[in-house]
Amino acid sequence: MKKYRFFCLLLVLITALLSLSACGTGGNTEVTTGPNETKEPSTVIGEETYRFKSANYKNKDLGILNMTDLDDFYTAKDDHSAPVDDAVFKRNLAVEEKYNVNIVYYPMEGKNKGKAAFNAEIRSNEASGLGTYGLYMGQTFYTNSLIVEGMYYDILKAKHLNLDAPWWDGSVNDTLEINGKLYCSIGSFNAGQLTSMMGVYYNKTLYENYNLGAFVADKSIYDVVRDGEWTFEVMSAMTKTFSNHETIMGLGYDLHGIYCSIAGSGVTMVEEDESGNLSILGLYNDHFVSYYEDYYEFFVEEPATLYYTDIPAMRQRFSEDKMLFMVEVINTMGSGHLLNSETVYGILPFPMYTTDQGEYRTNVEVNEIIQVSPTSNTEMVCVLLEYLHYQSRHVLFPVYFEEKLQYRLTDHPDDAEMLQLIRDSLHYDFGTLFTTEINYVWEGIMNSVRDHNPNIASWWAGLDNGNVPQGLLDELLFAYNSMS
């Protein structure tokens, strides 16, 4: 009975956090969606109330081309008996019933090996004019390349979107907007941004047994995060406790862990000046060199850290209380080696490089993006997309978080807050979202660490001191300016 009451309280906490994280001084209110419709709950930021368009689309289909790997979060199972499956079903049903539509998902392989076929399917749909798909949901590194081919609709032209609402990732979409055009976007409907967001798992038993709280004046590690004191220096010091330990590692990571750790350091690859011009030439500076040298020493030269290509082996070691920190995707919670493990663990955001950074930054393993087909009924598609985002945040998020938090993580309810903090600190540099177009600069940085190259200056010189990616960036911007 005590465990049941705890889970109920936890679910209430998560739901409250979802609302409070999006609010300024406001709270929950009701939204008038049309003169003949019932009112629906929404989120208020300040004094702003968000309204949904009233419409009856007379049993039309919304076709969505989505990735097979994430289909469990889109296509509801027939019995929808599991909690997440049921939430997916309820979300889809809410949209279908409100607007009298049928949502039809068309899953395709969406990872690297499927990118050519995915893009070919998009081109085919646009060329045929059949309008099979209204939404495309692939990954940024290949679908964004079709923007300059005119494959997508500029959603800033849509009349009924609340792009500043909390169910849209505003900071990401601001980055994606170029010259007043927004051809791709991200919001709560993107399962990739939910399941593959990265975090720092920590072993609570090792943390307590080795008195690691002494590094932070015996404060709760959660208070350290809240107070903006969770930094690379703190995590590095804790990790090095195990530099000479025979069996326990301080930190385990993979290639993407390098990338997300460096991205979390606050470095911005592509800067925008006051005139709106984008440049990568300022990337290589004293801060860049400083963080690279520190992260290189930590990941490569520090004996307490270990690079893994065998991810299950990393997870197993962590599950056996032989690793303090593990950089991993959130979806690992309550699955695989951690499903039946006795390990007591928590979750934290990536540390800031220094406290001056001022904000935590989270990245994801799968950069899933949404584009609207310009040959579809764009008004209908945008209206439905907005409501899919809204329902995902309010119906799916609490269930997914509760599902993950019930496995050994529930020893500390503050982990629910950390999960929401991680989700709300998603950050995408322009160079991340258009990495293919500008010569894979981020990949070059993380590969330099993996390949044990301590001289980052040589890598930058190989890019003609940034002129190679800058030239590609200029070509991209020129193509944008040439589009009607």
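Residues numbered from 1 in each chain as written. Predicted model: local features only at pLDDT ≥ 70, side-chain atom pairs only at ≥ 80, totals over all residues. Heavy atoms only, no water.

1. Notes on the overall build of the protein
Turning to step 1, where the next piece is worked out: Scanning the protein from terminus to terminus reveals 18 helices and 13 strands.
Turning to step 2, where the next piece is worked out: In the protein, which comprises 484 residues, the proportion classed as buried is 55%.
Turning to step 3, where the next piece is worked out: The contacts in the protein between residues at least 6 apart in sequence include a share of 78% that link residues at least 24 apart.
Turning to step 4, where the next piece is worked out: When the accessible surface of the protein is totalled, it reaches about 19800 Å², and 48% of it is carbon and sulfur. (Helix = DSSP H or I, 4+ residues; strand = E, 2+ residues; numbered from the N terminus. Buried < 20%, exposed > 50% of the residue type's maximum accessible area, 1.4 Å probe, protein only. Contact = heavy atoms within 4.5 Å. Areas by Shrake-Rupley, 256 points an atom, 1.4 Å probe, with all protein chains shown as cover.)

2. Digging into the packing of aromatic side chains
Turning to step 1, where the next piece is worked out: Enumeration according to the criterion identifies 43 aromatic pairs in this entry.
Turning to step 2, where the next piece is worked out: A centroid spacing of 5.8 Å and a plane angle of 10° characterise the contact between Tyr 284 and Trp 460, whose relative ring orientation is stacked. Of this pair, Tyr 284 sits in the loop between strand 9 (278–279) and helix 11 (286–301) while Trp 460 sits in helix 17 (residues 456–462), and the two are 176 residues apart along the sequence.
Turning to step 3, where the next piece is worked out: On the accessibility criterion, Tyr 284 (28% relative accessible area) is partly exposed.
Turning to step 4, where the next piece is worked out: Put simply, the rings of Phe 232, Tyr 253, Tyr 284, Phe 288, Tyr 291, Tyr 295, Phe 298, Phe 299, Tyr 307, Tyr 353, Trp 459 and Trp 460 touch in pairs and so form one group of aromatic residues. (Phe/Tyr/Trp six-rings, centres within 6.5 Å; stacked < 30°, edge-to-face > 60°.)

3. Structural notes on the sheet that holds strand 3 (residues 60–67)
Sheet strands associate in pairs through backbone hydrogen bonding, adopting either a parallel or an antiparallel arrangement.
Turning to step 1, where the next piece is worked out: The 4 strands are arranged 4-3-5-13 in an open sheet whose pairing can be described as mixed. Two strands in the sheet have a free side with no partner beyond their single neighbour: strand 4 (101–108) and strand 13 (371–372).
Turning to step 2, where the next piece is worked out: Examined bridge by bridge, strand 5 (residues 135–137) and strand 13 share 2 bridges and lie antiparallel to one another. The residue bridging Leu 135 from the neighbouring strand is Val 372, located in strand 13.
Turning to step 3, where the next piece is worked out: Seen against the sheet, helix 3 (residues 115–128) touches strand 3, strand 4 and strand 5 and runs at an angle of roughly 155° to strand 3.
Turning to step 4, where the next piece is worked out: The sheet contacts of helix 13 (residues 378–405) involve strand 3, strand 4, strand 5 and strand 13, and relative to strand 3 the element is tilted by about 60°. (Pairing = 2+ DSSP bridges. Axes fitted to C-alpha atoms, helices over the stretch in contact; angles between N-to-C directions.)

4. Digging into the nonpolar core
Turning to step 1, where the next piece is worked out: If you look at the biggest cluster of nonpolar residues, it comprises 154 residues, and the most contacted ones within it are Trp 230 and Met 238.
Turning to step 2, where the next piece is worked out: Setting aside residues up to four positions removed in sequence, Trp 230 forms contacts with Ile 221, Val 224, Val 225, Met 235, Met 238, Phe 325, Leu 348, Pro 349, Phe 350, Pro 351, Met 352 and Tyr 360. (Core = buried A, V, L, I, M, F, W, Y, C linked by side-chain atoms within 4.5 Å.)

5. Examining unusual backbone geometry
Turning to step 1, where the next piece is worked out: A positive phi angle is found at Asn 211, which is not glycine, with a value near 50°.
Turning to step 2, where the next piece is worked out: Even without being glycine, His 452 reaches a positive phi, approximately 60°.
Turning to step 3, where the next piece is worked out: With respect to the element layout, His 452 can be found in the loop between helix 16 (441–450) and helix 17.

6. Considerations on the pattern of salt bridges
Turning to step 1, where the next piece is worked out: Summed over all chains, the structure comprises 17 salt bridges.
Turning to step 2, where the next piece is worked out: Between Lys 53 and Glu 379 there is a salt bridge, and its shortest N-O distance comes to 3.9 Å. Within this pair, whereas Lys 53 is found in the loop between strand 2 (40–43) and strand 3, its partner Glu 379 is found in helix 13, the two being separated by 326 residues in sequence.
Turning to step 3, where the next piece is worked out: Classification of Lys 53 by relative accessible area gives partly exposed; the value is 23%.
Turning to step 4, where the next piece is worked out: A salt bridge links Asp 223 to Arg 226; the nearest nitrogen and oxygen atoms lie 2.7 Å apart. Here Arg 226 and Asp 223 lie together in helix 8 (residues 221–226), a separation of 3 residues that amounts to about one turn.
Turning to step 5, where the next piece is worked out: Salt bridges linked by common partners bring Asp 223, Arg 226, Asp 414 and Glu 417 together as one network. (Salt bridge = Lys/Arg side-chain N within 4 Å of Asp/Glu carboxyl O.)

7. Digging into helix 12 (residues 311–319)
Turning to step 1, where the next piece is worked out: Those residues of helix 12 lying buried are Ile 311, Met 314, Phe 318 and Ser 319. For helix 12, the angular spread of buried residues about the axis comes to 135°, placing them on one side. (Arc of directions from axis to C-beta.)

8. Points about the packing of helix 2 (residues 83–99) against helix 13
Turning to step 1, where the next piece is worked out: In the contact formed by helix 2 and helix 13, the axes pass within 9 Å of each other and the chain directions differ by 160°. One way to sum up the angle between helix 2 and helix 13 is to call them roughly antiparallel. As helix 2 runs across helix 13, the sense of the crossing is right-handed. For the pair formed by helix 2 and helix 13, the contact residues are Pro 83, Val 84, Ala 87, Val 88, Lys 90, Arg 91, Asn 92, Ala 94, Val 95, Lys 98 and Tyr 99 on the first element and Val 383, Leu 384, Tyr 387, Leu 388, Gln 391, Ser 392, Val 395, Leu 396, Val 399, Tyr 400 and Glu 403 on the second.
Turning to step 2, where the next piece is worked out: Considered class by class, the residues forming the contact of helix 2 with helix 13 number 15 nonpolar, 3 polar and 4 charged. (Parallel < 35°, antiparallel > 145°, perpendicular 65-115°, else oblique. Left-handed = near helix turned anticlockwise from the far one by under 90°. Nonpolar A, V, L, I, M, F, W, Y, C, P; charged D, E, K, R; others polar.)

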